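Listed below are the residues making up each chain.
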Amino acid sequence: MNLSKLSTVWGEVLQIVQDQLTDNSVFDALFQNSKLYKVDGDTAYISVQTRFAKELLNERYLQIIEKALEDVTTYNYSCKISMESEVNYVETTMSEIDQQTYVSNLIPNYTFENFVVGPSNQEAQSAALTTALDPGNFYNPLFIYGKSGIGKTHLLHAIGNYLLKTNPNKRVYYVSSAEFLDEYVNAIRSSQIDEFKESFKQNDILLIDDIQFLSGKDKITETFFHIFNHLVTRHKQIVITSDRAPNELKKLEERLVSRFASGLSVQITAPEYETSLEILKKKIEGQTISTKTIKEDVLSYIALKYSKDIRQLEGALNRLMFYAESFKKQSKVIDLTIAQEALKGLVVTPIQQADTLTVEKIKMTVADYYKLSTSQLSSSVRVSNISTARHIAMYLCRTLLDTPFTKIGDEFGGRDHSTVINACEKVEKLLKTDPNFKQAVEDIKILLR
């Protein structure tokens, strides 16, 4: 702010202060010819005519002045009052923050239009879109959580891109917690921590990714807490992502976790098969990645095998395209055989992390693989896909855990041991004759590992 701008701000501050003082003679004696002559970081510098005015304003009226200044500027400055004779006036130039070229850090192609919506992310997408339509007024903060690689970052950028498109004058800023930490450390080293705070407080919408990485870092979380409060109390929108819910961020300050929980928390889970399939089709539509035709069963195979992680899903497609272009140039069609060759050895993200394998974990893993519930595996329903999943689960309980046939029967709805034996024999036969079936069993084993 230059002196002209400072004068305008100070005139508005004086009007607020005068309205609060009942005696105009007191106002005239203390504030006549007073000036706001400089703003530096978090401090506003004010000059007055007499020592009496300086002492009385510091002792009795400082809080009133600071509150009025905050009302005018929307920033919580600390005021330093001096006599005019003690001040050497220098024209205040634009702050370093205002001089900087503003960069949003957004990825342009992460939009709502190319975000594939399914049951696993529908709630989060709806909350994100509502936030983008009316920032600061509905869900503030909006807290999106879920494991890595399932679309949280895409939604953050989608919010930012939508706001910049519809409100180009809004100051929208995306930052990962790692980048926030780096900027903080650099600011400390260069003695520019006030400028660091101010730069974040200037944003209309702050999008911060992977907040869990700030856990246990008390100094920086204290700084973030003050930035957070400053923005939220002024109806500036904050959207945060994490790999876990707010109440599970154990090493983060409780008051910060409490602030997160005061808004709206929504979860994204791993995409279902159908959603994964649509993501693959969207990726193919959006890019000219090959002149070859990809068979539908190939996309189904990838969607089924890599649906736990969108990044891995897209990585598998990219690997397939590279393999087909580089090593199968003569093939105009990418079929399942080529896909299995290309993706051989590509690690599947495990869904079970525990060391101890149990019957229940096998049931859960098989059910999840086939998009079923564990209760369906134990039911009397004999629909083809349920029967296949049930037989595989029984077979794995027998071969991996050496569970007795009678015990397996009990675990799967009280079935007779002969039923379990027949199921295991069917699986053994299919493993020798059906490559796709064999691949499915191998996939499940990888998941269990």
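Here we summarise the structure given alongside this text. (Residues numbered from 1 in each chain as written. Predicted model: local features only at pLDDT ≥ 70, side-chain atom pairs only at ≥ 80, totals over all residues. Heavy atoms only, no water.)

**A closer look at the pattern of salt bridges**
Okay, so step 1: All chains considered together, the criterion is met by nine salt bridges.
Okay, so step 2: A salt bridge links K35 to E84; the nearest nitrogen and oxygen atoms lie 3.3 Å apart. Of this pair, K35 sits in strand β1 (residues 35–40) while E84 sits in the loop between β3 (78–83) and α4 (96–99), and the two are 49 residues apart along the sequence.
Okay, so step 3: Residue K35 is classed as partly exposed on the basis of its relative accessible area of 37%.
Okay, so step 4: Measuring nitrogen to oxygen at the nearest pair gives 2.6 Å for the salt bridge that ties E70 to R234. Of this pair, E70 sits in helix α3 (residues 51–73) while R234 sits in the loop between α9 (218–233) and β7 (237–242); the two residues are 164 residues apart in sequence, bridging distant segments of the chain.
Okay, so step 5: Accessibility expressed as a relative area gives 23% for E70, which makes it partly exposed.
Okay, so step 6: Judged by relative accessible area, which is 17%, R234 ranks as buried. (Salt bridge = Lys/Arg side-chain N within 4 Å of Asp/Glu carboxyl O. Helix = DSSP H or I, 4+ residues; strand = E, 2+ residues; numbered from the N terminus. Buried < 20%, exposed > 50% of the residue type's maximum accessible area, 1.4 Å probe, protein only.)

**Some thoughts on the environment of L396**
Okay, so step 1: Turning to its location among the elements, L396 is positioned in helix α17 (residues 384–401).
Okay, so step 2: With 31 residues separating them along the chain, L396 and V427 place their C-alpha atoms 9.7 Å apart.
Okay, so step 3: Beyond its immediate stretch of four places on either side in the chain, L396 contacts I362, V366, L401, V441, I444, K445 and L448. (Contact = heavy atoms within 4.5 Å.)

**Focus on the sheet that holds β1**
Okay, so step 1: Taken together, the three strands give an open sheet; going across it, the order is β1-β2-β3, and neighbouring strands pair in mixed fashion. This sheet does not close on itself; its edge strands, each paired only once, are β1 and β3. On average, adjacent strands in this sheet sit at an angle of 25° to one another, irrespective of strand direction.
Okay, so step 2: Contacts from α3 reach β1, β2 (43–48) and β3, with the element oriented near 155° to β3. (Pairing = 2+ DSSP bridges. Axes fitted to C-alpha atoms, helices over the stretch in contact; angles between N-to-C directions.)

**A short note on the packing of aromatic side chains**
Okay, so step 1: Applying the stated criterion across every chain yields a total of 15 aromatic pairs.
Okay, so step 2: Look at F112 and Y162: their rings are 6.3 Å apart centre to centre, the planes differ by 75°, and that puts the pair in the edge-to-face class. Taken as a pair, F112 in the loop between α4 and α5 (122–133) and Y162 in helix α6 (residues 152–166) lie far apart in primary sequence, 50 residues in all.
Okay, so step 3: Taking relative accessible area as the criterion, F112 reaches 11% and is therefore assigned buried.
Okay, so step 4: Classification of Y162 as partly exposed rests on a relative accessible area of 25%.
Okay, so step 5: Taken together, the ring pairs in this structure connect F143, Y173, F180, Y184, F196, F200, F224, F228 and F260 into an aromatic cluster.
Okay, so step 6: Sitting over the face of the ring of F412, K363 holds its NZ or CZ atom 5.1 Å from the ring centroid. (Phe/Tyr/Trp six-rings, centres within 6.5 Å; stacked < 30°, edge-to-face > 60°. Lys NZ or Arg CZ within 6 Å of the ring centre and 35° of its normal.)

**Observations regarding helix α20 (residues 435–448)**
Okay, so step 1: In this model, α20 (14 residues) spans 20 Å end to end at C-alpha, consistent with the 20 Å of a helix rising 1.5 Å per residue.
Okay, so step 2: Within α20, burial applies to F437, A440, V441, D443, I444, L447 and L448. Relative to the axis of α20, the buried residues are bounded by an arc of 155° and lie together on one face.
Okay, so step 3: Elements in contact with the buried residues of α20: α12 (296–305), α15 (359–369), α17 and α19 (417–433).
Okay, so step 4: Here α20 starts with a cap whose side-chain oxygen sits 3.0 Å from the backbone nitrogen of N436, and that cap is D434. (Expected span 1.5 Å × (residues − 1). Arc of directions from axis to C-beta. Polar contact = N/O pair within 3.5 Å; in protein donor to acceptor, adjacent residues only side chain to side chain.)

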